[in-house]
Amino acid sequence: MHIYKTIKNFLIDQEYYIDFWQENIHIYGFKKIDALQENRAVFVLENFTLEILGNDFRVLKLTNKEILLHGNLKEMRVL
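Read on for an overview of the structure.

Rules and cut-offs
- Each chain carries its own residue numbering, running from 1 in the written order of its sequence.
- Confidence filtering applies because this is a predicted model: local features only for residues at pLDDT of at least 70, side-chain atom pairs given and counted only at 80 or more, and all residues used for totals across whole chains, interfaces and linings.
- Water and hydrogen atoms play no part in the side-chain values, which are based on all heavy atoms of the structure.
- Per the convention used, a helix needs a DSSP run of H or I reaching at least four residues, while a strand needs a run of E reaching at least two, with both numbered from the N terminus.
- Under the scheme applied here, a residue whose accessible area is under 20% of the maximum for its type counts as buried, over 50% as exposed, and between as partly exposed, the area being computed with a 1.4 Å probe on protein chains only.
- Between two residues, a contact is recorded if the distance between any of their heavy atoms is within 4.5 Å.
- Here the term patch refers to residues with relative accessible area over 30% and no salt bridge, with like charges joined within 9 Å and nonpolar side chains (Val, Leu, Ile, Met, Phe, Trp, Tyr) within 5 Å.
- Accessible surface is estimated by sampling points in the Shrake-Rupley manner with a 1.4 Å probe; for residues, cover comes only from the protein chains shown.
- In what follows, salt bridge is the name for a side-chain nitrogen of Lys or Arg lying within 4 Å of a carboxyl oxygen of Asp or Glu.
- Strand pairing requires that DSSP identify at least two bridges connecting the strands.
- Working convention: axes come from line fits to C-alpha atoms, limited for helices to the stretch in contact. Angles between N-to-C directions cover 0 to 180 degrees.

**Focus: unusual backbone geometry**
- Located in the positive-phi region is Gln22, a residue other than glycine, with phi close to 45°.
- Take Gln22: it is sitting in the loop between strand 1 (17-21) and strand 2 (24-28).
- A positive phi angle, close to 60°, is found at Asp56, a residue other than glycine.
- The residue Asp56 is located in strand 5 (residues 49-62) in this model.

**Examining the environment of Val78**
- Following the sequence through the fold, Val78 ends up in strand 6 (residues 66-78).
- Judged by relative accessible area, which is 61%, Val78 ranks as exposed.
- Not counting residues up to four positions away in its chain, the partners in contact with Val78 are Phe48 and Thr49.

**Describing a nonpolar patch on the surface**
- On the surface, a cluster of nonpolar side chains totalling about 240 Å² of accessible area is made up of Leu36, Val59 and Leu62.
- Residue position: Leu62 is located in strand 5.

**Let's talk about the side chain of His70**
- Within the secondary structure layout, His70 lies in strand 6.
- Residue classification places His70 among the buried residues on the basis of a relative accessible area of 18%.
- Once residues lying within four places of it in the same chain are set aside, the contact partners of His70 are Glu23, Asn24, Asp56, Phe57, Arg58 and Leu60.

**Considerations on the sheet that holds strand 4 (residues 40-44)**
- On the basis of which strands lie adjacent, the open sheet formed by six strands has the order 1-2-6-5-4-3 and antiparallel pairing. Only two strands of the sheet have a single partner each, and these edge strands are strand 1 and strand 3 (32-36). If you compare each strand with its neighbour and ignore which way they point, the axes differ by 40° on average.
- Bridge count between strand 2 and strand 6: five bridges; the pairing is antiparallel. If you follow His26 over to strand 6, its bridge partner there is Leu68.

See the structure below:
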C-alpha cells in the first residue's frame, strides 16, 4: 500500500489530472461540467476547457471535482 499512497499523494497535490485506461476516463480537478452526454462531455478546468468525444459514455463515479466515465474515447480537445 505504500506505493499506492505515494502515487495518490503526488497526484492529489496537482491542480488537476486526467488519465485513461481501457474504456475508463478519470478527471480530477474540474470546476464545472458544461455537457455530459452519451457521445460528448465538456469539463471546465482552471485554465482551459476539455471536450471529450466518443460513444457510450456513462458515469461510474462522481464527486464535486472528480469523475470516472466509462465509454469509448475517440478524441480529446482543449478549447
